[in-house]
Amino acid sequence: MSKIDLSVMGISDKLIYMAEDIENSLKERFYKIDKQEEINELRVLKAMQDNKLSEGHFASTTGYGYNDIGRDVLEDIYKNLFNTEAALVRQQITCGTHALNLALSANLRPGDELLSPVGKPYDTMDEIIGIRESKGSLKEYGISYRQVDLLENGDFDYDGIKAAINEKTKLATIQRSRGYSTRPTLSVEEIGKLISFIKSIKPDVICMVDNCYGELVDELEPSDVGADMTVGSLIKNLGGGLAPIGGYIVGKKECIEQCAYRLTSPGLGKEVGATLGVTHTLLQGLFNAPSVVASALKGAIFAAKLYEDLGYEVFPKADLARHDIIQAVNMKTADGLIAFCEGIQAAAPVDSYVVPEPWAMPGYDSDVIMAAGTFISGASIELSADGPLKEPYTVFFQGGLNYGHAKYGILKSAQYVIDAVL
Ligand SMILES: *Cc1c(COP(=O)(O)O)cnc(C)c1O
């Protein structure tokens, strides 16, 4: 029987040696991530135990889904985990964008103003807000928008934010992760400072944090530092790779009630929403999430170091602290970007034989290439990469359900890049 190793799997000796050196240099960082994972696992476990999670909660409901005790306990577990008054965790929330739209449209009224104090938000928010004309946008409902960009050095523009807050300002949307930009990701501590500042100027501004990709990375969550709503997707960090769909909003009771009435209907709120047998998977995914996030973090740091050593510019740099699981690499050329994505795809458990090609994705102004050989379609907690085919040809890379696969995928990408352009 032949032995399987990295060289059998198509990685050159040069890269295998580089990987060994890198892993040796990262021992201490990986140890810290392991310790963080352990604490986060205890947080999740305690939330499950405190809510007396039991097998009966896994039962499925259909139709209206009245009195679904599994759904209630799932939301109570999220409530405990985030230290909030209330939680809405539903498979009827179809993705992160939907969760964000829900949180905004449920809590804003005509005449109100929305503020982004951290620059332009994630691409899909453009159409929610109406930055790009869109049917059903907040703008159509008479909700105005103001944006204060970060300063050149990445700091908050406190003077600009103070000047932007006015009697109409009702809600501030704060994006934790870099998204598809190369601005730094915000730490929970920085988010806390920003929220305190906003509330010192106008205490009743609802502060909402787009928590996508940030969950379980820091010791605290935005809800621990004053966020009124914390919002994210279940096919990212908290689904642990198992959740097949879903989104969550946790926070102040008043805000979450508004979200529930908007998601279903005034009068019905949280009382309806059949779980169709998915509760068990959402809970098991949450139970796995600390370990999955830790693997993805290790993969991101490993990738940063490897690509730095290969002479590429990376964001964040390998030795910087992490506040989300995303790693960006400037691939310099279209060929480099394409090779990176081909390598990630070739390392996938699903569709590894498929070659990804750039295409004109709706909502983007240039062709985009994506690699995602995932079990859950489009799940970016699984090893995946994508980037727009335009200068400086930045690839955004994230995920990995386990470290072994993340490491292999990154090495495979590097092998493709070396073969194609180096
Ligand atoms: C992924 C993401 C979203 C949107 O989530 P989808 O599930 O893709 O709709 C919003 N904001 C940020 C920062 C994200 O990373």
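Residues numbered from 1 in each chain as written. Predicted model: local features only at pLDDT ≥ 70, side-chain atom pairs only at ≥ 80, totals over all residues. Heavy atoms only, no water.

S.K.: Explanation requested: the pairing of strand 1 (residues 86-90) in the structure shown.
M.R.: Two faces, one strand: in a regular strand the side chains alternate between the faces of the sheet. Burial analysis of strand 1 places five of its five residues in the buried class, which makes it a mostly covered element. In the sheet, strand 1 pairs with strand 7 (residues 247-251) via five bridges, with the strands oriented antiparallel. When the sheet's bridge partners are listed, Leu 88 is paired in strand 7 with Ile 249. (Buried < 20%, exposed > 50% of the residue type's maximum accessible area, 1.4 Å probe, protein only. Helix = DSSP H or I, 4+ residues; strand = E, 2+ residues; numbered from the N terminus. Pairing = 2+ DSSP bridges.)

S.K.: Sorry, what's going on with the domain arrangement of the chain here?
M.R.: Where the parts come together, the accessible area they lose is often given as the size of the interface. With domains assigned, the chain is organised as domain 1 (3-41 + 289-420) and domain 2 (57-286). Domain 1 and domain 2 are separated by 27 Å when their C-alpha centres are compared. Taken together, the contact between domain 1 and domain 2 spans 27 residues of the former and 30 residues of the latter. Summed over both partners, the interface of domain 1 with domain 2 comes to about 2400 Å²; 60% of that surface belongs to carbon and sulfur atoms. On the surface where domain 1 and domain 2 come into contact, there are zero salt bridges. On the surface where domain 1 and domain 2 come into contact, there are nine residue pairs in polar contact (both at pLDDT 80 or more). For the side of domain 1 that touches domain 2, the element with the most residues is helix 9 (residues 279-309), which contributes five residues. (Domains from an automatic or database assignment. Contact = heavy atoms within 4.5 Å. Buried area = accessible area lost by both parts, 1.4 Å probe. Salt bridge = Lys/Arg side-chain N within 4 Å of Asp/Glu carboxyl O. Polar contact = N/O pair within 3.5 Å; in protein donor to acceptor, adjacent residues only side chain to side chain.)

S.K.: So what exactly am I meant to see when it comes to the sheet that holds strand 5 (residues 206-210) here?
M.R.: Across the sheet, seven strands lie side by side as 1-7-6-5-4-2-3; this open sheet has mixed pairing. Edge positions in the open sheet fall to strand 1 and strand 3 (144-147), since each of these has one partner strand only. Here the strands of the sheet are splayed against their neighbours by 20° on average, with no regard to which way each runs. Sheet strands touched by helix 3 (residues 69-82): strand 1, strand 6 (229-233) and strand 7. Its angle to strand 1, the strand with the most contacts, is close to 125°. The strands touched by helix 4 (residues 96-107) are strand 1, strand 2 (113-116), strand 4 (169-175), strand 5, strand 6 and strand 7; relative to strand 6, the strand with the most contacts, the crossing angle is about 155°. (Axes fitted to C-alpha atoms, helices over the stretch in contact; angles between N-to-C directions.)

S.K.: It is not clear to me how the packing of helix 9 against helix 11 (residues 403-421) should be interpreted in this structure. Could you clarify?
M.R.: For any two helices packed against each other, the geometry is given by the interaxial angle and the distance between the axes. Following both chains from N to C, one finds helix 9 and helix 11 inclined at 25°, their axes separated by 8 Å at the closest point. With respect to each other, helix 9 and helix 11 are oriented roughly parallel. Regarding helix 9 and helix 11, the two cross each other, and that crossing is right-handed. Residue-level inspection shows Ser 295, Lys 298, Gly 299, Phe 302, Ala 303, Leu 306 and Tyr 307 of helix 9 in contact with helix 11, the latter providing Tyr 403, Ala 406, Lys 407, Ile 410, Leu 411, Ser 413, Ala 414 and Val 417. Residue composition of the contact of helix 9 with helix 11, grouped by class: ten nonpolar, three polar and two charged. (Parallel < 35°, antiparallel > 145°, perpendicular 65-115°, else oblique. Left-handed = near helix turned anticlockwise from the far one by under 90°. Nonpolar A, V, L, I, M, F, W, Y, C, P; charged D, E, K, R; others polar.)

S.K.: Explain the layout of surface pockets to me, please; I cannot follow it from the model alone.
M.R.: Gaps left between atoms show up when a probe the size of a water molecule is rolled over them. Taken as a whole, the largest pocket spans an internal volume of roughly 750 Å³. Contributing to the lining of the largest pocket are 34 residues, with Tyr 122, Tyr 180, Lys 236, Gly 378 and Ser 380 lying nearest its centre. Put simply, the parts of the chain that give the lining of the largest pocket at least two residues each are helix 4, strand 10 (368-371) and strand 11 (384-388). The residue makeup of the lining of the largest pocket includes at least three contributed by each of domain 1 (3-41 + 289-420) and domain 2 (57-286). (1 Å grid on protein atoms, 1.4 Å probe; cavity = no way out; pocket = protein on both sides within 12 Å on 5 of 7 lines; lining within 4 Å. Points joined across faces, edges and corners; volume = space filled by probe spheres on them.)

S.K.: I keep staring at the pattern of salt bridges and nothing clicks. Help me out?
M.R.: Any two side chains of opposite charge can pair if their charged atoms end up close together. A complete count under the given rule lists 21 salt bridges for this structure. Residue Arg 132 is joined to Glu 127 by a salt bridge in which the shortest nitrogen-to-oxygen separation is 3.5 Å. Residue Arg 132 is classed as partly exposed on the basis of its relative accessible area of 29%. According to the relative accessible area criterion, Glu 127 is partly exposed, its value standing at 35%.

S.K.: Where do I start with the nonpolar core in this structure?
M.R.: Nonpolar side chains tend toward joint burial in soluble globular proteins. Tyr 78, Leu 306, Tyr 307, Met 331 and Phe 340 are the most contacted members of the largest nonpolar core, which has 74 residues in total. When we break this core down by domain, the ones giving at least three residues each are domain 1 (3-41 + 289-420) and domain 2 (57-286). With residues near it in sequence (within four places) discarded, Tyr 307 still touches Tyr 312, Val 314, Val 329, Met 331, Phe 340, Ile 410, Ser 413, Ala 414 and Val 417. Counting 28 residues, the second largest nonpolar core, distinct from the first, contains Ala 86, Ile 93, Leu 108 and Val 231. (Core = buried A, V, L, I, M, F, W, Y, C linked by side-chain atoms within 4.5 Å.)

S.K.: Looking at this structure, how should I read the site of the ligand?
M.R.: Around the ligand, the structure places Cys 95, Gly 96, Thr 97, Leu 100, Tyr 122, Gln 175, Asp 210, Cys 212, Tyr 213, Ser 233 and Lys 236. The side chain of Asp 210 places a nitrogen or oxygen atom 2.6 Å from a nitrogen atom of the ligand. One of the side-chain N or O atoms of Lys 236 is found 3.0 Å from an oxygen atom in the ligand. When the free accessible area of the ligand is taken as 380 Å², the share hidden by the protein chains comes to 88%. (Near = heavy atom within 4 Å. Areas by Shrake-Rupley, 256 points an atom, 1.4 Å probe, with all protein chains shown as cover.)

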